[in-house]
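# A structural walkthrough
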Amino acid sequence: MWRGMNISFRDMLFLLVFAYLVVGALALAHVAKNVEEQSKGQTPPGNVIVEMSWDKAIAADVDLWVQAPGDVPVGYSNKSGMIFNLVRDDLGKGADPNSMNYEVAYGRGHWAGEYVVNAMLYRSRDGKYPVGAQIKVSQQNQQGQVLQVLQSNVELTFEGQETTVFRFRLDEKGDFIADSMNRIHKNLRAAGRS
């Protein structure tokens, strides 16, 4: 009698473990399919994208400042305006669990007028100068493609230095006006203070 009970208990345990594995495999397949479907249709949360990065080995806090036409400057102390949002304010190596030194701002829509992009060296914790940064401006077109329209490198040589990297214009259709780009300085950090 005990022998028959042991065999049935073992069979029942085997069936339960097998059923658990089948349900787990089906669940994983479903989750993987959903992640794949989501990544296919990903679009950036804005139409004008401004990105800035600097060497991950440098312990410096470099700040991105942007201003859209008729809007307030957006940066670390004012993270959103009517058009732009600063999505990531990176404090540099050591002050951030992520090893990448990167800031990004997204603008909603293609507003006609002048856009200004500045880089500012807030602090160099290790005292190494100059601090180099790379700035890119991209646009999402009507077909949903993201195209880079501007790229530049800048060197910041002292704390508090704010440099205008780009000033450019978009026309009424939201198209980049090629001959509108200049680097005439415009303070955004001081203008963004309330």
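Below: a short report on this structure. Note that the coordinates shown come from a computational prediction; the quantities given were computed from them, not determined experimentally. (Residues numbered from 1 in each chain as written. Predicted model: local features only at pLDDT ≥ 70, side-chain atom pairs only at ≥ 80, totals over all residues. Heavy atoms only, no water.)

### Things to note about unusual backbone geometry
What counts is decided by this rule: To qualify as a helix, a DSSP run of H or I must reach at least 4 residues; to qualify as a strand, a run of E must reach at least 2; elements of each kind are numbered from the N terminus.
With omega at -10°, the peptide bond leading from Y129 into P130 counts as cis. By the secondary structure assignment, P130 is in the loop between strand 5 (113-124) and strand 6 (131-140).

### Notes on the pairing of strand 8 (residues 162-170)
Applicable threshold: Burial status follows relative accessibility: with a 1.4 Å probe on protein chains alone, a residue under 20% of its type maximum counts as buried, one over 50% as exposed, and anything between as partly exposed. Strands qualify as paired when DSSP identifies two bridges or more between them.
Of all the nine residues making up strand 8, eight are buried; the element is thus mostly covered by neighbouring parts of the structure. Here eight bridges tie strand 5 to strand 8, and the two strands are oriented antiparallel to one another. Within strand 8, the residue paired with Y115 across the bridge is F168.

### Let's talk about the pairing of strand 2 (residues 60-67)
With respect to burial, strand 2 is a largely interior element, eight of its eight residues being buried. Both faces of strand 2 are covered, namely the face carrying A60, V62, L64 and V66 and the face carrying D61, D63, W65 and Q67. Note: strand 2 against strand 5, eight bridges, orientation antiparallel. Opposite W65, over in strand 5, you have N118 as the bridge partner.

### Considerations on the nonpolar core
Stated formally: Buried Ala, Val, Leu, Ile, Met, Phe, Trp, Tyr and Cys residues form a nonpolar core when they are joined through side-chain atoms within 4.5 Å. By definition in these notes, contact holds between two residues if any of their heavy atoms fall within 4.5 Å.
Grouped together as the largest cluster of nonpolar side chains are 30 residues, with contacts concentrated most on F84, V117 and I135. Elements with a contribution of two residues or more to this core: strand 1 (48-54), strand 2, strand 3 (84-88), strand 5, strand 6, strand 7 (146-156) and strand 8. With residues near it in sequence (within four places) discarded, I135 still touches V50, E51, M52, V117, A119, L150, Q151, S152, V154, V165 and F166.

### Here we look at the environment of S77
Position of S77 relative to the elements: it lies in the loop between strand 2 and strand 3. Since its relative accessible area comes to 46%, S77 is described here as partly exposed. Distance in space between the C-alpha atoms of S77 and W65 is 9.8 Å, their sequence separation being twelve residues.

### Describing the packing of aromatic side chains
This is how the line gets drawn: Centre distance within 6.5 Å is the pairing criterion for rings of Phe, Tyr and Trp, where only the six-membered ring of Trp is used; planes under 30 degrees apart are then read as stacked, over 60 as edge-to-face, and the remainder as tilted.
For the structure shown, the criterion picks out six aromatic pairs. Both rings, one in W65 and one in Y76, keep their centres 5.6 Å apart while their planes meet at 75°; by these two values the pair is edge-to-face. With a gap of eleven residues between them, W65 in strand 2 and Y76 in the loop between strand 2 and strand 3 connect regions that are remote in the sequence. When the ring of Y115 is compared with that of F168, the centres are 5.3 Å apart and the planes differ by 5°; the resulting orientation is stacked. A residue pair is termed long-range when its members are at least 10 positions apart, and Y115 in strand 5 and F168 in strand 8 qualify at 53 residues. There is no split in this pair, since Y115 and F168 are both buried.

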